[in-house]
Each structure stands twice: as C-alpha cells, then as structure tokens.
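Single-letter residue listing:
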Amino acid sequence: MFGAGGGTCSYREAEDADLLVLWGSNAREAHPIFFHHVLKGLRNGARMYAVDPRRTTSAQWADAWLGIHVGSDICLANAIGNEIIRAGLVNEEFIKRATTGFEQYAESVKPYTLERAERETGVPAELIRKLAHDYAKADRAQICWTLGITEHHNATDNVLALINLALLTGHVGRYGSGLVPLRGQNNVQGGGDMGAIPNKLPGFQDVESDEAARAKFEKAYEMTLPPKKGLHLSQMFEAMERGELTTAYVVGENPLRSEADTARARALLEGLEHLVVQDIFLTDTAEVADVVLPGTASWCEAEGTVTSSERRVQRVRKALQPPGGARDDIEIIAELARRLGTDWGSPTAEGLWNELRTLSPMHAGMSYQRLEELGGIQWPCPSTDHPGELFLHARLWEADPAKRGRPAPFFAVEQEDPLDELSAEFPLRLTTGRRLDSYNTGVQSGGYATPIRRPETLNLSPEDAARLGIVDGEKVKVSSRRGSLEAPVHVDPVLREGLAFMTLHFPEQVQTNILTLDAWDPKSGTAEFKATAIRVDKLGEPAPDTQEERPAEVGT
C-alpha cells in the first residue's frame, strides 16, 4: 500500500497497541502465530474489536463483536469514517500534510449514516459509533484483515475503505499504528516480492510503467522484456475457456480444488492441450496432468529464503535429503530452461538471491550472512549497513516535503452487495473459511491425525436448523446456482440466523467449491469465495415452495 506491497507493521507492535481491530480475520485459527502477539497485546491492556459475520474463536477474545452481514464491509467502514468526521476526530494535521483526496472522500461518506449502516450491515448503530470514536482517539491502533475482506468481487475497494480510516486518524507510519494484511498462506508475501504478480517485477517494480527498472532486468537477463502485464489466475481460466490458453505449468498449487466453481475448474484443466504440475504431492490437479515433476519440500529439503506477513526475510536450510526421484525446484526449472535452449549452468539458491539483490533495491542489503546473523531482516533493506524497517511509511510524518515523498491518497469507494443474490430459492448465505487444524485443500495437513479435527460439515445456526427441522449430524443436500452436494450438518451457535459456514479442507469428504461463485475482483483477480447463496434441503424431500420471499440475513 502507498507504493509498497506489504503490511505496515511488525507482529510485535500488536503487543504495544492500544486498540486492535480484526476485520474479516479469524486470526486465532488462520494465523495462530500472529494471534500470540495479539494475546500479548490484550494482556498488556489493549482493547480489541472483531468485525466478522461469525462470532469466531478470535471474536470471543474481543471487547466487542460487530456481527456484520457478509459483503457489507464498505458500508460499515464508510459509516465509521463519516462518524469520525462528524465528531471532529480526524487528524487534521496529518491529513493536510500527508494525504490527498480528503474532500472528495468526506463528501462520499456523508450518505453512510449510522442508521443506514445499522440497516445494511446488521451492526447496532451505537456499536459502530463506539468503534469509530475508540479507533480515532487511540494513541496506537491497528486494523488487521485477511481473506474475509479480500475474497470478494470488490476486494480491492474493501481494502481501500479500511486504508481510508487509517488516513483519517493518522494511524499509519508510526510504531504500533498501522494496516496489517495477514497473508493467507506461507510465503505469499515472498511470492509477491519475487514478482509472482502479473504487472510487477521483483521488488514491486512495475513492468509497464517503470522503464528504468525494466531496462535493468533486461540487461541482467540479456533479453527484451515485453512492457505488458500478464494474466492473473482468474484471467487464465477465462483464457482457457476462450481457447486462448492451451498449456499450463502449475507449481505448488492445487487449483482443481482451490478455485471457485470446482466443476468449471476441472473441465478447463482437463481440457488443456498440455498440463504440467510440479509438486511434492500427487494432488487432484497433478492427477489430471500430462506431466508431473516431483519437487522438494522447500521448508526442509532445500536451501533458500521465505518472507512472512511482516516483511521479514528468513533463511531456510536444508535438513533432509529429498526422496528418490524428487529434485530441487531450482534444478527442475534450470533443466527445463536447458532443454528449451538456454543454459543457466547450475544455479544455487544463494547465487540467485545475490542476483535478486542487484535488481531489487528493497532487498539489496540482505546477504545470506546478515540474514543468518540477525535472524531475518524486514524489507526495505537498501544497504548492508541498514537494519531493515520495523514499520513502513514513517516518511508520511516528515515535516520536509522532499523527505515526505508522495502523499497517500484517499479513495472514495461505494458499497456493492454480493453478486450471488439471496432469493426465495437460495435464501441462506454461505461463507467459507479455515480451521486451526487444517490447511487449504488438505493435501498437506490431511495426512496427519489431530484430536481437534472433525469431519467436514455444513454449519448452520440453531435458528435455521430448527426452522428447517434439521438436527445435528443429519445429512442434507446443499445447493447453489452452480451445483449441489451432500454434507452432514453441525448446529453451530457462533452463527447468526441466515448464515452458513463450510471449509475447503476436506474435498474428499465434501467438495465445498462446487457451490462457490467464480466471479472475481477486476483489480485483484480474487474470486468471491465468501458470499454464496445456497439452499438446504432434507434428503428425500422435495425442494420447498419458492414463491414467498424470505428476508435476507436476519439478525445481528
């Protein structure tokens, strides 16, 4: 954000914050290491608000839970912003010095009154007002979010709505105050840092607009780079559908299970002319591939680096020899290059890292030796005498405009409801998420037993279960506009009436993503996993009469 693709705060800053807002984040289960720091903050006296449709195990630690209707985040954020402005709690000095676009933003949030927000989000107006005032008045405050914000068709606008709140109050660029996007998987931050983004070169240098950066890479690679961004994953599937993308090389991913609308994803992947999968497991995607390249487990069978959500680059050291037939990912890619006509020799992890340091200014000071000595370094680290940055954007508080640099812009964004509309035929809102004991599509975690794991279920509120005449453990038919499946029911008191919950961890039991919508955010490419309209039917009974509309997502 503000030109840097990472969270502004370090984990330890949560321990010293006065106020923490977990927004669409069940960090206790999805990000347990970070949540340890949150717990230390709470023990040190911090207050916490949880904004989440479910009263999750994270929300149960909060001072207040804002049980929001799925997909109404912008309405809530804009109402908080409007209340901060109305109450005269904005940081006027910071806004004037370090931001642009405040007037347009202030005008855009005027219609988002507390009363409107209560109607549209389900959160009581007084609770919204209290969060607005507490956040604005706190000395150190953080907003932390994850997939509950980003897995929507308007994901980028959701994030911008939260950033606006930090700019209003000056809660960015200072120790303990900031914006904390928690990454959904290990080394997601590192993948983005290394250029695994369609429009970025390593170090978040733009491939289209930054001619100097592109020329630098062209010289190092001894080739011409097209000044054109590539396709993100959702666009790749659309290109497959049009017959424009006929070959795919999948490394360490299982899109046949992880993508929304599983039936469509399977048809497109199986319809490719050539599919290559490089992985440590024979995933569902690998099973339909033409070629499978067995890789190594990068966390224990290879050398390299990994980058956490707090921008900390750490060394990974080889502890085990890989099993027979498996080869290091670097070796596989170098061999492919050789067979395609380019001999890179025998590149090593450290050699490649040192090449990166010459091309990415934010990594320049991170030698392997320094990473070892310091136990990791947080980017940006532009030189070998730089310690790395504990938090980002301190420049915004500089009095000297030359040192302050580019101002941080407000973005006026408007509420957009989920695309998969509730109706009489599909009256329940399904949202998906994760559990503490499992990981993604279950390929890695599913092979290990744990006493806290239970089988996949459709979680329903006690009110909905009673209305449907369904008891705990009963198997039902679950349908969306894309498909149907059968699943046992778990009656879950953390859910509000009208809301259901499932995970994608156990596709061998329940293929949850058969139900989910593959519409995606045009700015980020993220699919709307969090807001599916469903119907639940008792097995052996006809579908209910759908002539009479049922109110959508009742209750707070």
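A. Inspection of the overall build of the protein at higher detail. Of regular secondary structure, the protein possesses 20 helices and 21 strands. Dimensions of the protein along its principal axes, counting C-alpha atoms only, are 70 × 60 × 45 Å. Relative to its full complement of 556 residues, the protein shows a buried share of 54%. By sequence separation, contacts in the protein at least 24 residues apart represent 70% of the contacts at least 6 residues apart. If you sum the accessible surface of the protein, you get close to 24600 Å²; carbon and sulfur atoms cover 52% of it. Considering the protein, the positive charge centre built from 59 side chains and the negative charge centre built from 81 side chains are found 4 Å apart.

B. Expanded view of helix 14 (residues 262–270). Looking only at helix 14, the buried set comprises Thr262, Arg264, Ala265, Leu268 and Leu269. End-on view of helix 14: buried residues confined to an arc of 160 degrees, all on one side of the axis. The secondary structure elements touched by the buried residues of helix 14 are helix 12 (233–242), helix 13 (255–258), strand 10 (274–279) and helix 15 (284–287).

C. Region of the structure containing the sheet that holds strand 10. Read from one edge to the other, the open sheet built from 3 strands follows the order 9-10-11, with strand pairing classed as parallel. Edge strands, defined here as strands with exactly one partner in the open sheet, are strand 9 (247–251) and strand 11 (291–294). Taking each pair of neighbouring strands and ignoring which way they run, the sheet shows an average axis angle of 10 degrees.

D. Representation of the packing of aromatic side chains in the model. Across all of its chains, the model carries 7 aromatic pairs by this definition. An angle of 70 degrees between the planes, with centres 6.5 Å apart, marks the rings of Tyr175 and Phe391 as edge-to-face. In this pair, Tyr175 sits in the loop between helix 9 (155–169) and strand 6 (178–181) while Phe391 sits in the loop between strand 14 (377–378) and helix 19 (401–404), placing the two residues 216 residues apart along the sequence. Residue classification places Tyr175 among the partly exposed positions, given a relative accessible area of 22%. Here Phe217 and Tyr221 contribute two aromatic rings whose centre-to-centre distance is 5.7 Å and whose plane-to-plane angle is 65 degrees, an arrangement assigned as edge-to-face. Of the two residues, Phe217 and Tyr221 both sit in helix 11 (residues 211–221), 4 residues apart, roughly one turn of that helix. Aromatic rings pair up to connect Phe102, Tyr105 and Phe410 into one cluster. One Lys or Arg, Arg311, reaches over the ring of Trp379 and ends 5.7 Å from the middle of that ring.

E. View of empty space enclosed by the protein. Tallied over the full model, the rule gives 2 cavities of 30 Å³ or more. The space that makes up the largest cavity amounts to roughly 40 Å³. When its residues are assigned to classes, the lining of the largest cavity shows 2 nonpolar, 4 polar and 1 charged. Surrounding the second largest cavity, Gly71, His152, His153, Asn154, Asn158, Glu416, Asp417, Pro418 and Glu528 form its lining. Its residues assigned to classes, the lining of the second largest cavity shows 1 nonpolar, 5 polar and 3 charged.

F. A look at the sheet that holds strand 17 (residues 458–460). If you walk around this closed barrel you meet the 6 strands as 16-20-17-19-18-21, and the pairing is mixed. Going from strand to strand, the sheet's axes swing by 45 degrees on average, the running direction of each strand aside. In this sheet, strand 19 (residues 484–491) lies alongside strand 18 (residues 475–479) in antiparallel orientation, the contact comprising 5 bridges. In the sheet register, Ser479 faces strand 19, and the bridge partner there is Ser484.

G. Up close: the pairing of strand 13 (residues 312–316). One ladder, built from 4 bridges, connects strand 12 (residues 304–307) with strand 13; its direction is antiparallel. What sits directly across from Val306, in strand 13, is Gln314. The pairing of strand 13 with strand 14 spans 2 bridges and is antiparallel. Counted as the bridge partner of Arg312 is Gln378 from strand 14.

H. Structural view of the side chain of Thr99. Inspection of the secondary structure assignment puts Thr99 in strand 4 (residues 99–100). For Thr99, a relative accessible area of 11% gives the class buried. In terms of polar contacts, Thr99 uses its side chain to reach the backbone carbonyl oxygen of Ile95, at 2.6 Å. Beyond its immediate sequence surroundings of up to four residues, Thr99 is in contact with Phe94, Leu167, Pro407, Ala408 and Phe410.

I. Just a nonpolar patch on the surface, in detail. On the surface, a nonpolar cluster with roughly 610 Å² of combined accessible area is contributed by Tyr249, Val251, Ile333, Leu336, Leu340 and Trp344. Only strand 9 and helix 16 (329–339) provide two or more residues apiece to the nonpolar patch. One can find Trp344 in the loop between helix 16 and helix 17 (349–359).

J. Structural view of the confidence of the model for the protein. With 96% of its residues at a pLDDT of 70 or more, the protein shows a mean pLDDT of 93. Here residues 545–556 scores under 50 on pLDDT; set against residues more than four positions off or in separate chains, the count is 28 contacts.

K. Summary view of unusual backbone geometry. Of note, the amide linkage connecting Trp379 to Pro380 takes the cis form, showing an omega dihedral of 5 degrees. In this structure, Pro380 sits in the loop between strand 14 and helix 19. Phi at Glu222 is positive, roughly 55 degrees, even though this residue is not glycine. Secondary-structure assignment places Glu222 in the loop between helix 11 and helix 12.

L. How the structure looks around the nonpolar core. Counting residues in each nonpolar core, the largest one holds 54 residues, and the members touching the most others are Trp23, Ile80, Tyr135, Ile143, Leu165 and Leu168. With 9 residues, helix 9 is the single largest residue contributor to this core. Ignoring sequence-local partners within four residues, the contact set of Leu168 consists of Gly81, Ile84, Ile85, Val90, Asn91, Ile95, Phe102, Tyr105 and Phe410. Listed in part, the 20 residues of the second largest apolar core include Ala14, Ala46, Met48 and Leu182.

M. Geometry of the side chain of Asp157. Relative to the helices and strands, Asp157 resides in helix 9. Given a relative accessible area of 14%, Asp157 falls into the buried group. Those residues in contact with Asp157, other than ones at most four positions away along the chain, are Ile74, Val413 and Lys523.

What counts and how
Residues numbered from 1 in each chain as written. Predicted model: local features only at pLDDT ≥ 70, side-chain atom pairs only at ≥ 80, totals over all residues. Heavy atoms only, no water. Helix = DSSP H or I, 4+ residues; strand = E, 2+ residues; numbered from the N terminus. Buried < 20%, exposed > 50% of the residue type's maximum accessible area, 1.4 Å probe, protein only. Contact = heavy atoms within 4.5 Å. Areas by Shrake-Rupley, 256 points an atom, 1.4 Å probe, with all protein chains shown as cover. Lys, Arg positive; Asp, Glu negative; His and termini not counted. Charge placed at Lys NZ, Arg CZ, Asp CG, Glu CD. Arc of directions from axis to C-beta. Pairing = 2+ DSSP bridges. Axes fitted to C-alpha atoms, helices over the stretch in contact; angles between N-to-C directions. Phe/Tyr/Trp six-rings, centres within 6.5 Å; stacked < 30°, edge-to-face > 60°. Lys NZ or Arg CZ within 6 Å of the ring centre and 35° of its normal. 1 Å grid on protein atoms, 1.4 Å probe; cavity = no way out; pocket = protein on both sides within 12 Å on 5 of 7 lines; lining within 4 Å. Points joined across faces, edges and corners; volume = space filled by probe spheres on them. Nonpolar A, V, L, I, M, F, W, Y, C, P; charged D, E, K, R; others polar. Polar contact = N/O pair within 3.5 Å; in protein donor to acceptor, adjacent residues only side chain to side chain. Patch = residues over 30% accessible without salt bridge, like charges linked within 9 Å, V, L, I, M, F, W, Y side chains within 5 Å. Salt bridge = Lys/Arg side-chain N within 4 Å of Asp/Glu carboxyl O. pLDDT = per-residue confidence, 0-100. Core = buried A, V, L, I, M, F, W, Y, C linked by side-chain atoms within 4.5 Å.

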